[in-house]
Amino acid sequence: MKRREFVGGLALAAGASACGKQPAAIDTGADRSTETFKWNMVTSWPPRLPGLGVGADNLAERVEKASNSRLKIKVYAGGELVPALDVFDAVSRGTAQMGHDAAYYHRGKVPAAQYFTAVPFGLNANEMNAWLYYGGGLELWREYYQQFNLVPFPAGQTGVQMAGWFNKEINSIEDLAGLKMRIPGLGGEVMQRAGVTQITVPAAEIFTSLQTGALDAAEWVGPYNDVTLGLHKAARYYYYPGWHEPGPTLELIVNKDAWDTLPDDLKAIVELACQASNLDMQAEYNYGNAMALQQLKNDPNVELRPLPDDVLELLHKLSNEVIDELSARDEWSARIQKSYSDFLDVSAQNQLISEQAYLNARSAFP
Ligand code: CA
């Protein structure tokens, strides 16, 4: 009985270089049901952060339970093993076998990956899952990540976010000029074009930055997570909707060399655990956001407001410009954009007469 244990990236790298090929990828028909694996998962999240961080922990626990401890995964919060925003590179080079983060954190290196997190005025949570699982999105994602030695899985979903916290009122387009705002991804690029100064700040620093005036505004997620960070105590105006992140997907990425060492049943368990996490995190956010919104509505220091129509109209126009320019300079973005927007076009028509029509009807008659 050959027992194969990979403890950490060093053992993995040593094993791979000693063999010079992927030994376990060859199906010899041998019984592999007693092989055990110890893996590490690096994440971008503060420890036990509700939603994102807990979601990564739950994923690891589900895999361990479902595999009868044959695949054990130790989860590291952002900064514990590698810096919070270095997850992609760390898993790509094999420092850890797995990572949990948001694909748009790496837009400098993989601009097209932003389509697999969120696109301004793009697909919502349900539509993202439709596109990824049934519309060819996940196949494109897998193909795109091959060059980085990574296998990606959708593994979490926050649902539509909030436009963010502002220390001043936004009554017109002019009010955006000169604002210092924390907003990542394509949304950040759009805001920059609207006159905002985009600043990148990790989650743990948003509260202090708003308090000290280093930031005038910041988006993080939505009521559930924002209350956890205390953002309602650092800014007064809470704007919606989350035009920039309509249905952000979180990713689980697995180092391809490590993935190839897993027997088929453990691969299936990882895939199923990711699907479970994708569903479970969205449910947690839908519940948690509803509860936290009640708290915010009762808080005399918080004003909940919609962004003015002319501001949204400008952001929509600028979003189209940003997306068109990205496609013009990056082949992968053009290819993924085509698949994404082809589905968005037909899905929008369906949403109009289904979810959107229903929600309008539900709220029309109190
Ligand atoms: Ca966000």
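Refer to the structure presented above.
### Some remarks on helix α6 (residues 185–193)
Among the nine residues in α6, seven count as buried, and that is most of the element. Residues of α6 that are buried: Gly-185, Leu-186, Gly-187, Gly-188, Glu-189, Val-190 and Met-191. Taken together, the buried residues of α6 touch β6 (180–182), β7 (197–198) and α11 (309–329).

### Comments concerning the sheet that holds strand β8 (residues 217–218)
The strands making up a sheet associate through hydrogen bonds between their backbones, and the pairing can be parallel or antiparallel. One open sheet holds the six strands; their spatial order is β7-β6-β8-β5-β9-β11, and the pairing between them is mixed. Edge positions in the sheet fall to β7 and β11 (303–306), since each has one partner strand and no second. In this sheet, strand β9 (residues 237–240) lies alongside strand β5 (residues 164–166) in antiparallel orientation, the contact comprising three bridges. Bridge assignment links Trp-165 to a residue of β9, and that residue is Tyr-238.

### Some remarks on the coordination of the calcium ion
Coordination of the calcium ion by the protein is provided by Gln-161 (OE1), Glu-219 (OE), Glu-219 (OE), Trp-220 (O) and Glu-245 (OE), with metal-donor distances spanning 2.2 to 2.7 Å. On the accessibility criterion, Gln-161 (6% relative accessible area) is buried.

### Things to note about the packing of aromatic side chains
Under the criterion given, the structure shown has 18 aromatic pairs. Pairing Phe-88 with Tyr-145 gives two aromatic rings, centres 5.3 Å apart and planes at 85°, and the pair type is edge-to-face. Remark: Tyr-145 occurs in helix α5 (residues 137–145) and Phe-88 occurs in helix α3 (residues 87–93); sequence separation between them is 57 residues. For the residue pair Phe-88 and Tyr-145, the accessibility class agrees, reading buried in each case. Taken together, Phe-88, Tyr-115, Phe-116, Trp-131, Trp-141, Tyr-144, Tyr-145, Phe-148, Trp-332 and Tyr-340 form an aromatic cluster joined through their ring pairs. A cation over a ring is seen here: Arg-142 above Phe-153, with NZ or CZ 4.6 Å from the ring centre.

### A look at the environment of Tyr-115
The residue Tyr-115 is located in the loop between β3 (98–101) and α4 (125–134) in this model. Sequence spacing of Tyr-115 and Asn-129 is 14 residues, and the spatial spacing of their C-alpha atoms is 12 Å. Not counting chain neighbours up to four residues away, the residues in contact with Tyr-115 comprise Met-128, Trp-131, Ile-323, Leu-326, Ser-327, Ser-333, Ile-336, Gln-337 and Tyr-340. Side-chain polar atoms of Tyr-115 contact the side chain of Gln-337, separated by 2.8 Å.

### Section: the pairing of β3
Every second residue of β3 is oriented toward a common face, with Met-98 and His-100 on one face and Gly-99 and Asp-101 on the other, all of them buried. By the bridge criterion, three bridges tie strand β1 (residues 37–43) to β3 in an arrangement that is parallel. Bridged to Val-42 within β3 is Gly-99. Across four bridges, the pairing between β3 and strand β10 (residues 249–255) is antiparallel. Opposite Met-98, over in β10, you have Val-254 as the bridge partner.

### Quick word on the packing of helix α12 (residues 331–353) against helix α13 (residues 355–364)
One way to put it is that α12 packs onto α13 with a least axis distance of 3 Å and a crossing angle of 30°. With respect to their mutual orientation, α12 and α13 come out roughly parallel. Taken together, the residues of α13 that come into contact with α12 (itself represented by Gln-351, Leu-352 and Ile-353) are Glu-355, Gln-356 and Ala-357.

The rules behind these values
- Residues numbered from 1 in each chain as written.
- Predicted model: local features only at pLDDT ≥ 70, side-chain atom pairs only at ≥ 80, totals over all residues.
- Heavy atoms only, no water.
- Buried < 20%, exposed > 50% of the residue type's maximum accessible area, 1.4 Å probe, protein only.
- Helix = DSSP H or I, 4+ residues; strand = E, 2+ residues; numbered from the N terminus.
- Contact = heavy atoms within 4.5 Å.
- Pairing = 2+ DSSP bridges.
- Donors = N, O, S within 2.8 Å, 3.2 Å for Na, K, Ca; no water.
- Phe/Tyr/Trp six-rings, centres within 6.5 Å; stacked < 30°, edge-to-face > 60°.
- Lys NZ or Arg CZ within 6 Å of the ring centre and 35° of its normal.
- Polar contact = N/O pair within 3.5 Å; in protein donor to acceptor, adjacent residues only side chain to side chain.
- Axes fitted to C-alpha atoms, helices over the stretch in contact; angles between N-to-C directions.
- Parallel < 35°, antiparallel > 145°, perpendicular 65-115°, else oblique.

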